[in-house]
Amino acid sequence: MACEPGALVGELWRILAPESWPVPLETLPQGTVLVGGAVRDALLGRLLPRPDLDLVVQGDAVELARNLARRLGAAVVVLDQERSIARLVLQGWTIDLARCLGANLHDDLLRRDYSANAIALPLQGVEPTGALLDPSGGMKDLAAGRLRAISEANLLDDPLRLLRGMRLACELDFELEPISLGWIRRHHARLRDVAGERVLAELERLAAAPQGAAGLELTVACGLLESWGGASARGELMDSSPGIGTALADLDLAAAASRGLSPEETARALPLARLAAVLDGEALEQLRASRKRQQSVQRLRHWWERIQGTQGDPGALPEPEQLRLHRQLEADLPALALLVDPAWARQALVRWRNQRDPLFHPRPPIDGATLQAWLQLKPGRELGQLLEHLTRERAFGRLPAQVDGDDGESLTEARRWLSEGDVPRHG
């Protein structure tokens, strides 16, 4: 249920249901307020069952967090010792505690990034009291569907806020207020000053948002990714020639539906494909992405660009390349399906979901130990080449599809390959 701006604090209290929080209100000091996303989302009627809670307290928030952790059996992480910010993790909840900055709460709220995040709900005891605190006019901006930065200086106080604005606008389906967008464009290069892990976390959330494709297009157009190869990505997006960047606008829920992706497949594939549209593996390495994430993106970009010459039909590639494609993208084929011909994608996904499909999950029909035993082969290049040959024969239907079937045909083909090949036998 949406809580319209101006609604009674009691209604907001009901929606937030603080009695369900793992931190009892009576354990919090007087003057504690709830700020940020939980208040914003409750007002918009989009509160999650376990929202992240941001609490501003008077005094030392780090010491308070440690005391609460001991009392409640929570894990505690100090996020910023100097600013006195700590995080509690308890029963699947995340609770951030921060010391009030400035002379008072009014000043603290005016130091925040966007007006939508600068609305505070006082938490006094176990009953709602007082009124919402909204010194920056966040309630009006929520009603207008507008994301507005409180000030230019606030954005530069933590340059990650430049990218966060893009992400919030997409998640909330809000319009970025023109002056705020101008500040983001003007200071885009400052994002380079932010730790790569923090930038990547925002990018991945942006890529996962329903409107993430449009958000990433705007992010690239504003130059926010230029420090990580965004200049080349920007050129691709503006170029009318075929390329990985030109597909970004089509990476939406409609594309996933047209290709028959399930909701679970879409949730994994769409962010990956969008991320690959704007950054390569080298850029992700600079952003401290995991090695697995770097490889997934780089392989997806490689095959995406490779099939441009086949009019989006991977089935037109030579057999050895098809085999490499399915081996390298075995876990991420739905992401490729978003980029290719829908008819091929629908058929391919049916086969990919079958874990025993010999092309989409390539495996040799017979294991190396059996070949060594029956054919007196030794480990080495010859054995590897033979296994690759048998895998391809199985993948394209020239050998039985079942790995655990009769080995007779596979052994016969192995003997034929050895007798007709130029590689000398061992043993």
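Each remark here, short or long, concerns the structure printed above.
Residues numbered from 1 in each chain as written. Predicted model: local features only at pLDDT ≥ 70, side-chain atom pairs only at ≥ 80, totals over all residues. Heavy atoms only, no water.

**Student:** Give me the overall build of the protein: which residues, what numbers.
**Tutor:** A tally of regular secondary structure across the protein gives 21 helices and eight strands. Computed over C-alpha atoms, the radius of gyration of the protein comes to 28 Å, more than 25% over the 22 Å expected from 2.2 N^0.38 for 427 residues, which places it beyond the range of a compact globule. The principal-axis extent of the C-alpha atoms belonging to the protein is close to 90 × 50 × 40 Å. For the protein, the residues scored as buried account for 50% of the 427 residues in total. Summarising the internal contacts of the protein: among those between residues at least 6 apart in sequence, 64% fall at separations of at least 24. (Helix = DSSP H or I, 4+ residues; strand = E, 2+ residues; numbered from the N terminus. Rg over C-alpha atoms; globule rule 2.2 N^0.38 Å. Buried < 20%, exposed > 50% of the residue type's maximum accessible area, 1.4 Å probe, protein only. Contact = heavy atoms within 4.5 Å.)

**Student:** Help me get a handle on helix α19 (residues 368–375), residues and values and all.
**Tutor:** Residues Gly368, Thr370, Leu371 and Leu375 constitute the buried set of α19. For α19, the arc enclosing every buried residue in end-on projection is 160 degrees, short of the 170-degree limit, so these residues lie on one face. Opposite its buried face, α19 presents the exposed residues Ala369 and Ala373, each directed more than 90 degrees away. Check the buried side of α19 and you find it contacts α20 (381–395) and α21 (408–420). The N-capping residue of α19, defined by a side-chain oxygen 3.0 Å from the backbone nitrogen of Ala369, is Asp367. (Arc of directions from axis to C-beta. Polar contact = N/O pair within 3.5 Å; in protein donor to acceptor, adjacent residues only side chain to side chain.)

**Student:** Hey, could you go over the packing of helix α9 (residues 196–208) against helix α10 (residues 212–221) for me, with residue numbers and the actual values?
**Tutor:** Look at α9 against α10: their axes get within 7 Å of each other, and the N-to-C directions meet at 135 degrees. Judged by the inter-axis angle, α9 sits oblique to α10. Mapping the contact onto sequence places Leu203, Leu206 and Ala207 in α9 and Gly212, Gly215, Leu216 and Thr219 in α10. Broken down by class, the residue content of the contact of α9 with α10 amounts to four nonpolar, three polar and no charged. (Axes fitted to C-alpha atoms, helices over the stretch in contact; angles between N-to-C directions. Parallel < 35°, antiparallel > 145°, perpendicular 65-115°, else oblique. Nonpolar A, V, L, I, M, F, W, Y, C, P; charged D, E, K, R; others polar.)

**Student:** I'd love a proper account of the side chain of Thr391, names of residues and values included.
**Tutor:** Considering the arrangement of structural elements, one finds Thr391 in helix α20. For Thr391, the residues in contact, after removing those within four places along its chain, are Leu323, Arg327, Pro362, Arg363, Pro364 and Pro365.

**Student:** Run through unusual backbone geometry, naming residues and quoting values.
**Tutor:** With a phi angle near 60 degrees, Ser84 is a residue other than glycine that sits in the positive phi range. By the element assignment, Ser84 lies in the loop between β3 (75–80) and β4 (85–90).

**Student:** I'd like a rundown of the nonpolar core, residues and numbers included.
**Tutor:** Counting residues in hydrophobic clusters, the biggest one holds 112 residues, and the most contacted among them are Leu34, Leu121 and Leu338. Setting aside anything within four residues of it in sequence, one finds Leu34 in contact with Leu16, Trp21, Val39, Leu53, Asp54, Leu55, Ile119, Ala120, Leu121 and Leu123. If you look at the next biggest cluster of nonpolar residues, it comprises 13 residues, including Leu377, Leu399, Ala414 and Trp417. (Core = buried A, V, L, I, M, F, W, Y, C linked by side-chain atoms within 4.5 Å.)

**Student:** I'd like to hear about the pairing of β3, residue by residue, with values.
**Tutor:** Pairing of β3 with β4, which is carried by five bridges, proceeds in the antiparallel orientation. For Asp80, the partnering residue across the bridge sits in β4 and is Ile85. Adjacent in sequence and paired antiparallel, β3 and β4 are bridged by four residues, among which Ser84 carries a positive phi angle near 60 degrees. (Pairing = 2+ DSSP bridges.)

**Student:** Which residues make up the pairing of β4, and what values do they have?
**Tutor:** Burial of the side chains of β4 is restricted to one face: Ala86, Leu88 and Leu90 are buried, whereas none of Ile85, Arg87 and Val89 on the reverse face is. Pairing analysis gives six bridges linking β4 to strand β5 (residues 93–99), with the strands arranged antiparallel. Its bridge partner being in β5, Ala86 is matched across the sheet by Leu97. Linking β4 back to β5 in an antiparallel pair, the connection comprises two residues, with Gln91 at a positive phi of about 55 degrees.

**Student:** Now, about the sheet that holds β3: what can you tell me, with residues and values included?
**Tutor:** Ordered in space as β3-β4-β5-β2-β1-β6, the six strands form an open sheet in which the pairing is mixed. Across the chains shown, the open sheet's two edge strands, defined by having one partner strand only, are β3 and β6 (121–122). As paired strands, strand β1 (residues 33–35) and strand β2 (residues 53–57) are joined by three bridges and run antiparallel to one another. Along β2, the bridge assignment pairs Val33 with Val56. Together, β1, β2 and β6 form the strand contacts of helix α2 (residues 37–44), whose direction differs from that of β1 by roughly 70 degrees.

**Student:** Pulling in residues and values, what's your account of the state of the cysteines?
**Tutor:** What the rule picks out here adds up to zero disulfides. Here Cys222 is not disulfide-linked; the sulfur of Cys170 is the nearest cysteine sulfur, at 11 Å. (Disulfide = S-S within 2.5 Å.)

**Student:** Could you give an account of the environment of Leu248, naming the residues involved and the relevant values?
**Tutor:** Here Leu248 lies in the loop between α11 (230–238) and α12 (253–258). Between the C-alpha atoms of Leu248 and Leu275, which are 27 residues apart in sequence, the distance is 9.2 Å.

**Student:** Break down the pattern of salt bridges for me, citing the residues and quoting the values.
**Tutor:** All chains considered together, the criterion is met by 29 salt bridges. The partner of Asp157 in a salt bridge is Arg83, with the nearest N and O atoms 3.5 Å apart. With Asp157 in helix α6 (residues 152–157) and Arg83 in the loop between β3 and β4, the pair connects residues that are 74 residues apart, well separated along the chain. Look at Arg83 and you get partly exposed, because its relative accessible area is 35%. One salt bridge in this structure joins Glu171 and Arg205, with 3.3 Å as the shortest N-O distance. Of this pair, Glu171 sits in helix α7 (residues 160–172) while Arg205 sits in helix α9, and the two are 34 residues apart along the sequence. For Glu171, a relative accessible area of 22% puts it in the partly exposed group. Among the charged side chains, a salt-bridge network with shared partners connects Asp113, Arg164, Arg167, Glu171, Glu202 and Arg205. (Salt bridge = Lys/Arg side-chain N within 4 Å of Asp/Glu carboxyl O.)

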